[in-house]
Amino acid sequence: MEIDFDKENGLVPAIIQDADTKTVLMLGYMNEEAYKKTVETKKVTFYSRSKQRLWTKGEESGNFLDLEDIKADCDKDTLLVRARPHGPTCHTGTDTCWKEENKPHFGFLSILEGVIADRKENAGSGSYVSSLFAKGINKVAQKVGEEAVEVVIEAKDDNEDLFLNESADLLFHYLILLQAKGYTLADVEKILRERHKK
């Protein structure tokens, strides 16, 4: 990989991203030596501008960043480093240097999970979801079964709009069922990742 270390006095910014969650964890700087050590050891290593030496993340705390891969940007003067963190990344003890929690995020589905959790906690809101939780796990499970059957029925026809709408209904009710059982999509994702490794 070609990297332009000459532009900024031998240093290039290295954006560190969690390989699994895609959360940006921190920003550091690498010189050519730090880059080579990172690739060789599979532990993310920086050039510390304050200490004026190479610094492997975790060398004191034990919170290493295991290298997954490195990519250079279009100008070859910034690196995107995907890594797997061992513990918090920031020296302050937070998951990221922006004090964000490093957890799986599924875009709008995570937002929807938040709404469902709120409806579960605030049962008096009068919402459909709250009323479903109030009817208990059997009713929630029954709704998932009904929606699954409707998806199968629509899959046999050629009406894409109906199929996609029934699919949305199934996914929505499945998210409710997960929370009724005390789980989230992250728990299901974890199992799928483990199966993928086998």
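Reading guide: rules and limits
Residues numbered from 1 in each chain as written. Predicted model: local features only at pLDDT ≥ 70, side-chain atom pairs only at ≥ 80, totals over all residues. Heavy atoms only, no water. Salt bridge = Lys/Arg side-chain N within 4 Å of Asp/Glu carboxyl O. Helix = DSSP H or I, 4+ residues; strand = E, 2+ residues; numbered from the N terminus. Buried < 20%, exposed > 50% of the residue type's maximum accessible area, 1.4 Å probe, protein only. Pairing = 2+ DSSP bridges. Axes fitted to C-alpha atoms, helices over the stretch in contact; angles between N-to-C directions. Contact = heavy atoms within 4.5 Å. Patch = residues over 30% accessible without salt bridge, like charges linked within 9 Å, V, L, I, M, F, W, Y side chains within 5 Å. Areas by Shrake-Rupley, 256 points an atom, 1.4 Å probe, with all protein chains shown as cover. UniProt positions renumbered as here; feature names shortened; annotations may be inferred. Parallel < 35°, antiparallel > 145°, perpendicular 65-115°, else oblique. Left-handed = near helix turned anticlockwise from the far one by under 90°. Nonpolar A, V, L, I, M, F, W, Y, C, P; charged D, E, K, R; others polar.

1. Details of the pattern of salt bridges
Taken as a whole and judged by the stated rule, the model has twelve salt bridges. The residue Asp 20 makes a salt bridge to Arg 84 at a minimum N-O spacing of 2.9 Å. Separated by 64 residues along the polypeptide, Asp 20 in the loop between strand 1 (12–18) and strand 2 (24–30) and Arg 84 in strand 6 (residues 79–85) bring together distant segments of the chain. When its relative accessible area of 26% is taken as the criterion, Asp 20 is described as partly exposed. Residue classification places Arg 84 among the partly exposed residues on the basis of a relative accessible area of 33%.

2. Thoughts on the sheet that holds strand 2
Pairing is mixed in the open sheet, where four strands are placed in the order 2-1-6-5. One side of each edge strand has no neighbouring strand; the edge strands of this open sheet are strand 2 and strand 5 (65–72). Neighbour-to-neighbour, the strand axes of this sheet turn through a mean angle of 25°, independent of strand direction. Bridging between strand 5 and strand 6 involves seven bridges; their strand directions are antiparallel. Bridge pairing in strand 6 links Leu 67 to Ala 83. Docked against the sheet, helix 1 (residues 32–41) engages strand 2, strand 5 and strand 6, running at close to 125° with respect to strand 5.

3. Side note on a nonpolar patch on the surface
Together, Ile 15, Val 24, Leu 27, Leu 80 and Trp 98 make up a nonpolar patch on the protein surface, roughly 400 Å² of accessible area in all. Secondary-structure assignment places Leu 80 in strand 6. Accessibility expressed as a relative area gives 30% for Leu 80, which makes it partly exposed.

4. Remarks on the UniProt feature "domain: Phosphoribosyl-AMP cyclohydrolase" (unreviewed entry) in the protein chain
Here, UniProt's "domain: Phosphoribosyl-AMP cyclohydrolase" (unreviewed entry) annotation points to residues 26–98. Secondary structure content for residues 26–98 is 14% helix and 38% strand, while the C-alpha to C-alpha distance between its ends is 8 Å.

5. Examining the pairing of strand 2
Along any regular strand the residues' side chains alternate between the sheet's two faces. Two elements, strand 1 and strand 2, share six bridges in a ladder whose sense is antiparallel. In the sheet register, Val 12 faces strand 2, and the bridge partner there is Met 30. Hairpin connection between strand 1 and strand 2: a loop of five residues separates the two successive antiparallel strands, and Lys 22 in this loop has a positive phi of roughly 70°.

6. Here we look at the packing of helix 2 (residues 108–121) against helix 5 (residues 160–180)
Two elements in contact, helix 2 and helix 5, have axes whose closest approach is 10 Å; the angle formed by their N-to-C orientations is 55°. The angle between helix 2 and helix 5 places the two elements in the oblique class. Both helix 2 and helix 5 take part in a crossing whose hand is right-handed. On the side of helix 2, the interface is formed by Leu 109, Leu 112, Glu 113, Ile 116, Ala 117 and Lys 120, while helix 5 contributes Leu 171, Phe 172, Leu 175, Ile 176, Gln 179 and Ala 180. When its residues are assigned to classes, the contact of helix 2 with helix 5 shows nine nonpolar, one polar and two charged.

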